[in-house]
Amino acid sequence: MSPAIQIRDFHHVVFFTGAGMSAESGVPTYRGKGGIWKHYDYERYACQPAFERDPVGVWEFHNYRRELVGRCQPNDGHRFVTACEQLVPHVTVVTQNIDGLHERAGSSTVHELHGSLWRSRCDTCSFRATEFDAPLTEIHCPNCRAFKRPDIVWFGDMLSADVIESAMSALRNCDLLVSIGTSAVVYPAAELPFVAKQSGAHLVEINPDDTPMSHVYDTCLRTTASDGLRELFGPI
Ligand code: OAD
């Protein structure tokens, strides 16, 4: 079967990814069957009030996730995204994922809208760290001894203005946006593909299911991340 798109026809490709991108790696998605928020109440584990109430409990949840994700490997989809860098002048990944799998697959430019499971920070002083221990045993700031917190955008948190601006700049300048594995229900991330649409980019959605944003896309492939990328571009 001939590919739906010739990737070499494009100058700047943005891959806009969500939890479905990492599903084939064994990382659970958030919603749908087996979704994290079906089993864990975000009000207990993934918001600032929960952290202030019970920092140890919140860290137990994030350490469980660090251990789980630490055992997972990038999948063919992540590798495909990285390989595109050999074919297109500019490739940018804008991801809602906190698992670090795009970076582990070798992608050069990754904007993590929702932060990273592997970073922590202290909001009492300005300490920041990237640590890959799974679990992370030292959860206190080495400078001021307050509890560090995961550097993740929890429910109710603002996204980093710098990260949003970098992502918007890529979206304004791309000629192809490929959205992969997001339910498109979490804002402001969900509406970012509009920016690329308004700039005249071609939009492709890869997701086994319809999403509330499907109508915005020029092409929808109802399949998994790695199969969708293969179908879209052919072998790379
Ligand atoms: P969701 O769990 O909401 O949605 C995952 C999407 O992936 C669904 O639309 C599935 O149909 C699709 N999917 C499942 N398996 C797939 C596969 N193998 N290939 C392709 N797609 C597949 O995840 P997100 O949209 O990423 O926020 O969720 C957005 C945010 O909500 C997350 O970043 C997280 C969560 O609360 C934070 O952690 C801050």
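Located above this text is the structure these notes cover.
The structure presented is a predicted model; accordingly, all values stated were derived computationally and were not measured.

Draft legend 1. Inspection of the packing of aromatic side chains at higher detail. Overall, the coordinates contain eleven aromatic pairs when judged by the stated rule. Between Tyr40 and Tyr45 the ring centres are 5.6 Å apart and the planes differ by 75 degrees, which places this aromatic pair in the edge-to-face class. Taking relative accessible area as the criterion, Tyr40 reaches 26% and is therefore assigned partly exposed. Judged by centre distance (5.6 Å) and plane angle (35 degrees), the ring pair of Tyr40 and Tyr64 falls under tilted. One end of the pair, Tyr40, is in the loop between helix 1 (36-39) and helix 2 (42-45); the other, Tyr64, is in helix 4 (residues 55-70), with 24 residues separating them in the sequence. One Lys or Arg, Arg149, reaches over the ring of Trp154 and ends 3.9 Å from the middle of that ring.

Draft legend 2. A look at the sheet that holds strand 4 (residues 115-121). An order of 5-4-6 is seen for the three strands of this open sheet, with the pairing classed as antiparallel. With one partner strand each, in any of the chains shown, strand 5 (128-130) and strand 6 (149-152) form the two edges of the open sheet. For this sheet, the mean angle separating the axes of adjacent strands, direction not counted, is 45 degrees. Bridge analysis of strand 4 against strand 5 gives three bridges, and the strand direction is antiparallel. Paired with Ser120 across the bridge in strand 5 is Ala129.

Reading guide: rules and limits
Residues numbered from 1 in each chain as written. Predicted model: local features only at pLDDT ≥ 70, side-chain atom pairs only at ≥ 80, totals over all residues. Heavy atoms only, no water. Phe/Tyr/Trp six-rings, centres within 6.5 Å; stacked < 30°, edge-to-face > 60°. Buried < 20%, exposed > 50% of the residue type's maximum accessible area, 1.4 Å probe, protein only. Helix = DSSP H or I, 4+ residues; strand = E, 2+ residues; numbered from the N terminus. Lys NZ or Arg CZ within 6 Å of the ring centre and 35° of its normal. Pairing = 2+ DSSP bridges. Axes fitted to C-alpha atoms, helices over the stretch in contact; angles between N-to-C directions.

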